[in-house]
Amino acid sequence: MIHFTLNGEPQALALDPATPLLWVLRDHLGLIGTKYGCGEGACGACVVRLDGEPVKSCSTPLSAVEGRSVQTIEGLSPDGRHPLQLAWVLEEAPQCGYCQSGQIMTAAALLAQHPRPTDAQIDAAMSGVLCRCGSYARIRRAIHRAATPEVQGG
């Protein structure tokens, strides 16, 4: 039995400890906001936060979350109104949207460490999440907007 906290709720799962966290979230717990991209931990579409740090869930075994806290895009905000989610919409960051949950979860970890990040900090933190549509400039603007609550509304 693997015990952990998921989006603030305790979990106890009797699954193969080697199962990638991504498939536990999607197939066993029905949380489909975390996306499958490459399956090798190279693209970042599957990023979730583990004890606040961004991890690639496709290459994180279930055993690694024992006694720890996992946050998915569904747990970021119950109503989709987290400052990052609002900024993403206002800056029109998504194109196809496939990488967006990984982008937002990585950005959330960045803002937790650096509430007012520089462009260099944003670029370094976000470099592990690929965007095939190339909306990196809008993503950077959205992160800056989310870090500046007084300008979130427009």
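For every chain, the first residue of the written sequence is number 1, and numbering continues from 1 along that sequence. At least 70 in pLDDT is required for a residue's local features to be given in this predicted model, at least 80 for side-chain atom pairs to be given and counted, and no such filter applies to totals for whole chains, interfaces and linings, which use all residues. With hydrogens and water set aside, each side-chain value is computed from the structure's full complement of heavy atoms.

A. Here's a closer look at the nonpolar core. Among buried residues, those of type Ala, Val, Leu, Ile, Met, Phe, Trp, Tyr and Cys that are joined through side-chain atoms within 4.5 Å constitute a nonpolar core. Between buried and exposed lies partly exposed: a residue is buried under 20% and exposed over 50% of the maximum accessible area for its type, with that area taken using a 1.4 Å probe on protein chains only. The biggest cluster of nonpolar side chains holds 21 residues, and the ones touching the most others in it are Leu-84, Trp-88 and Ile-143. Mapped by element, the contributors of at least two residues to this core are α2 (73-76), α3 (83-90), α4 (100-113), α5 (119-126) and α6 (136-146). Strands are runs of DSSP state E lasting at least 2 residues, helices are runs of H or I lasting at least 4, and numbering of each runs from the N terminus. No other element matches the six residues that α4 contributes to this core. Leu-21, Leu-31, Val-48 and Val-65 belong to the second-largest nonpolar core, a separate cluster that totals 14 residues.

B. Representation of the sheet that holds strand β1 (residues 2-6) in the model. Note on pairing: two strands pair once DSSP finds at least 2 bridges between them. Pairing is mixed across the open sheet formed by five strands, whose spatial order is β2-β1-β5-β3-β4. At either margin of the open sheet sits one strand with a lone partner, and together these are β2 (9-13) and β4 (53-56). On average, adjacent strands in this sheet sit at an angle of 40° to one another, irrespective of strand direction. Relative to strand β5 (residues 69-71), β1 is paired through two bridges, and the arrangement is parallel. Each residue of the ladder has a partner; that of Leu-6, found in β5, is Val-70. Between two residues, a contact is recorded if the distance between any of their heavy atoms is within 4.5 Å. The convention used is that axes are lines fitted to C-alpha atoms, helices contributing only their stretch in contact, and that angles between N-to-C directions extend from 0 to 180 degrees. Relative to strand β3 (residues 47-50), α4 is tilted by about 35°, and along the sheet it contacts β3, β4 and β5.

C. Summary view of the layout of surface pockets. A pocket, in this scheme, is an open set of points on a 1 Å grid over the protein atoms alone with protein on both sides within 12 Å along at least 5 of 7 lines, while a cavity is a set where a 1.4 Å probe fits but cannot get out; residues line either one if an atom lies within 4 Å of a point. Grid points are joined across faces, edges and corners, and a volume is the space filled by probe spheres set on the points. In this structure, the largest pocket encloses a volume near 160 Å³. Residues are sorted three ways: Asp, Glu, Lys and Arg are charged, Ala, Val, Leu, Ile, Met, Phe, Trp, Tyr, Cys and Pro are nonpolar, and all the rest, Gly among them, are polar. Here the lining of the largest pocket is composed, by residue class, of eight nonpolar, one polar and one charged.

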